[in-house]
Amino acid sequence: MTVRDRATEIVRTLQSAGYETYWVGGSVRDLLLGGQPNDYDIVTSAPPEDVQRLFPDHFLAGKAFGVVTATFPEGLFEIATFRREANYTDRRRPDTVAWADAKADVLRRDFTVNGLLYDPLTETVIDHVDGQRDLRLRLIRFIGDPEQRVLEDPLRLLRAIRLKCQLDFQYDKPTYEALRRQAPEIRHVAAERVRDELARMWAGPRRASALHDLDQVGLLQAILPEVDNLKGTPQPYEFHREGDVFEHTSQAVAALPSDAPSFLVWATLLHDVAKPATLTYPSGSQGRISSRSHSDTSAVMAGAILRRLRAPKAEIETVAWLIGHHMRLADIEHMRPARQEAYVLDPRFPWLLELLRADATGTTPTDLSLYAHDLKLYERLKANHERQVRERPPLLLNGHDLQTELGLEPGPKIGELLEQVRDAQLHGQVKTKTEALKFVRGLL
Ligand code: ATP
Ligand code: MG
């Protein structure tokens, strides 16, 4: 059974038991836009106890909110009882939840295109909010009074931008004005909710538009003042004709591949974040402005920013490593071979190359020669390494042999001897176990 068939069956089960039931939200929106929904949210007039009885395999995600998650081989399905919400005194969670009818349930939702109901059995759309019109016009429009809806839950500021970029829509004017006027309200939203929405923006191919919109409505200043502060920070014209550091950063973000992981987007967005703080102006008529050591300081600042947003520790560390190394790539040339190999074969190195490419592409005039050179070096070392691993002959001796055949005590000496046997083997000096034992005896 397909996910869609299962979602239809769930509606059938509930309707057969006498309950009004629909698909709602993102699934209806994506379906009407001609896409394949990734999950189906279901709303019903059945009280949660009846939903639980009809779907014995379930768990309760938010019992207080009347949401039952039914589990099937095809996946998880959230089945929510129609509800209205009232009084958002903490701007996050409604104080009270009351069971309601389908229309009231739709009116509490954020945007018209997210407020459509669909009955898969009769194949009819139920539209209390002109959502179909806005899908046609490709508009993001708040249901109800925009200012009010933002004040209830200011996360909707970010959801509006995320959805607009995800769908490649435009904002309805009053919705956009509410975003601009109420942007500072975002300070009431928990850091992890903000981070989740940003991550969803960064995940999409229109992440550069999202950054632009965040800036235009004033959310960038409220959430990431350090990035906002890059505006007006000059760069040496000789190397950066594109403009100030913010312009450079925006263009670097725009240059990322569309499937870039969020840590790479963060690294690109924050790679020069210390430039305002490390900027020095020339003392005389000679020299030029520069930001020496900005990469180390940027790495530290990026760590602080991501900790403030409660990012996972592993992500913070990777971002800081990438930023801290983004100016060191020219040094690879001068490393000793073993050090160079270890560096280039670090699993993070390919992402460092992506950062380097985005950084260079976001710079005018664009010079990709260092990137191209390092990419070649990486590919050569990687191929070498893979060949060595593949061609590594089986060991002629192991530690056990040395103990039983030669009476050696366990200890670090054994490891050293085995390394020497391996070298002799690679150079063709020993070819059999007997020869290898003789070789070790000679060493002893
Ligand atoms: P996606 O395809 O990204 O999952 P979605 O529309 O399904 O998009 P969800 O975050 O899964 O988004 O939310 C499901 C539905 O719940 C939305 O379509 C919307 O109707 C409603 N919703 C979610 N968050 C809010 C919110 N903060 N305020 C009002 N309604 C919301
Ligand atoms: Mg969803």
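Residues numbered from 1 in each chain as written. Chains lettered and ligands numbered in written order. Predicted model: local features only at pLDDT ≥ 70, side-chain atom pairs only at ≥ 80, totals over all residues. Heavy atoms only, no water.

## Here we look at the overall build of the protein
Along the protein, the regular secondary structure elements total 23 helices and 11 strands. For 444 residues, the compact-globule estimate of 2.2 N^0.38 gives 22 Å, and the C-alpha radius of gyration of the protein, at 30 Å, exceeds that figure by more than 25%. When the backbone C-alpha atoms are referred to their principal axes, the protein occupies close to 90 × 70 × 35 Å. In the protein, buried positions account for 48% of the 444 residues. Put simply, 62% of the contacts in the protein that link residues at least 6 apart link residues at least 24 apart. (Helix = DSSP H or I, 4+ residues; strand = E, 2+ residues; numbered from the N terminus. Rg over C-alpha atoms; globule rule 2.2 N^0.38 Å. Buried < 20%, exposed > 50% of the residue type's maximum accessible area, 1.4 Å probe, protein only. Contact = heavy atoms within 4.5 Å.)

## Describing the site of ligand 1
The local shell around ligand 1 holds 14 residues, among which Arg29, Asp153, Arg156, Arg159 and Arg200 are the closest. Contacts to ligand 1 include arginine 109, whose side-chain N or O atom sits 3.1 Å from an oxygen atom. Separating a nitrogen atom of ligand 1 from a backbone N or O atom of aspartate 110 is a distance of 3.2 Å. Protein contact buries 80% of the 590 Å² of open area that ligand 1 shows by itself. Of all the elements, helix α7 (residues 155-167) adds the most residues to the shell around ligand 1, at 4 residues. (Near = heavy atom within 4 Å. Polar contact = N/O pair within 3.5 Å; in protein donor to acceptor, adjacent residues only side chain to side chain. Areas by Shrake-Rupley, 256 points an atom, 1.4 Å probe, with all protein chains shown as cover.)

## Quick look at the pattern of salt bridges
Enumeration over the complete set of coordinates arrives at 30 salt bridges. In this structure, the salt-bridge partner of lysine 231 is aspartate 228, at a minimum N-O distance of 2.6 Å. In this structure lysine 231 comes out as partly exposed when scored by relative accessible area, which is 35%. Judged by its relative accessible area of 16%, aspartate 228 is buried. Two residues, glutamate 354 and arginine 357, come together in a salt bridge whose shortest N-O distance is 3.1 Å. (Salt bridge = Lys/Arg side-chain N within 4 Å of Asp/Glu carboxyl O.)

## Observations concerning the packing of aromatic side chains
Scanning the model with the defined rule gives 12 aromatic pairs in all. Ring centres 6.1 Å apart and planes at 75 degrees place the aromatic pair phenylalanine 72 and phenylalanine 77 in the edge-to-face group. Among the residues examined, phenylalanine 72 registers a relative accessible area of 23% and is labelled partly exposed. A relative accessible area of 1% means that phenylalanine 77 is categorised as buried. Ring geometry for tyrosine 171 versus tyrosine 176: centroids 5.3 Å apart, planes at 35 degrees, classification tilted. Owing to a relative accessible area of 23%, tyrosine 176 belongs among the partly exposed residues under this scheme. Members of the aromatic cluster, each reached through a chain of ring pairs, are Trp321, Tyr343, Phe349 and Tyr378. (Phe/Tyr/Trp six-rings, centres within 6.5 Å; stacked < 30°, edge-to-face > 60°.)

## Observations concerning the environment of glycine 399
Here glycine 399 is to be found in helix α21 (residues 399-406). Once residues within four sequence positions are removed from consideration, glycine 399 is found in contact with Ile414 and Leu418.

## Looking at helix α17 (residues 313-325)
Relative to the 18 Å expected for 13 residues at 1.5 Å per residue, α17 spans 18 Å between its end C-alpha atoms, a close match to the ideal helical length. Taken together, the buried positions of α17 are occupied by Glu315, Ile316, Thr318, Val319, Trp321, Leu322, Ile323, Gly324 and His325. Contact partners of the buried residues in α17: α14 (262-270), α16 (294-308), α18 (337-344) and α19 (349-361). (Expected span 1.5 Å × (residues − 1).)

## Quick look at the pairing of strand β2 (residues 41-44)
Bridge count for strand β1 (residues 21-24) against β2 is 4 bridges, and the pairing is antiparallel. In the sheet register, tyrosine 22 faces β2, and the bridge partner there is valine 43. Strand direction decides the pairing type here: β2 and strand β5 (residues 75-81), joined by 3 bridges, are parallel. Pairing of valine 43 across the sheet is with alanine 80, part of β5. (Pairing = 2+ DSSP bridges.)

## Some points on the side chain of glutamate 152
Counting through the fold element by element, glutamate 152 comes out in helix α6 (residues 146-152). Take glutamate 152: its relative accessible area is 18%, and that puts it in the buried class. A polar side-chain atom of glutamate 152 sits 3.0 Å from a polar atom in the side chain of arginine 149.

## Description of the packing of α17 against α19
How two helices sit against one another is set out by the angle between their axes and by the gap between those axes. For the pair α17 and α19, interaxial distance at closest approach is 10 Å and the crossing angle is 55 degrees. On the basis of their axis angle, the class for α17 and α19 is oblique. By crossing handedness, the relation of α17 to α19 is classed as right-handed. The residues of α19 that touch α17, namely those facing Trp321, Leu322, Ile323 and His325, are Phe349, Trp351, Leu352 and Leu355. Across the contact of α17 with α19, the residue classes break down as 7 nonpolar, 1 polar and no charged. (Axes fitted to C-alpha atoms, helices over the stretch in contact; angles between N-to-C directions. Parallel < 35°, antiparallel > 145°, perpendicular 65-115°, else oblique. Left-handed = near helix turned anticlockwise from the far one by under 90°. Nonpolar A, V, L, I, M, F, W, Y, C, P; charged D, E, K, R; others polar.)

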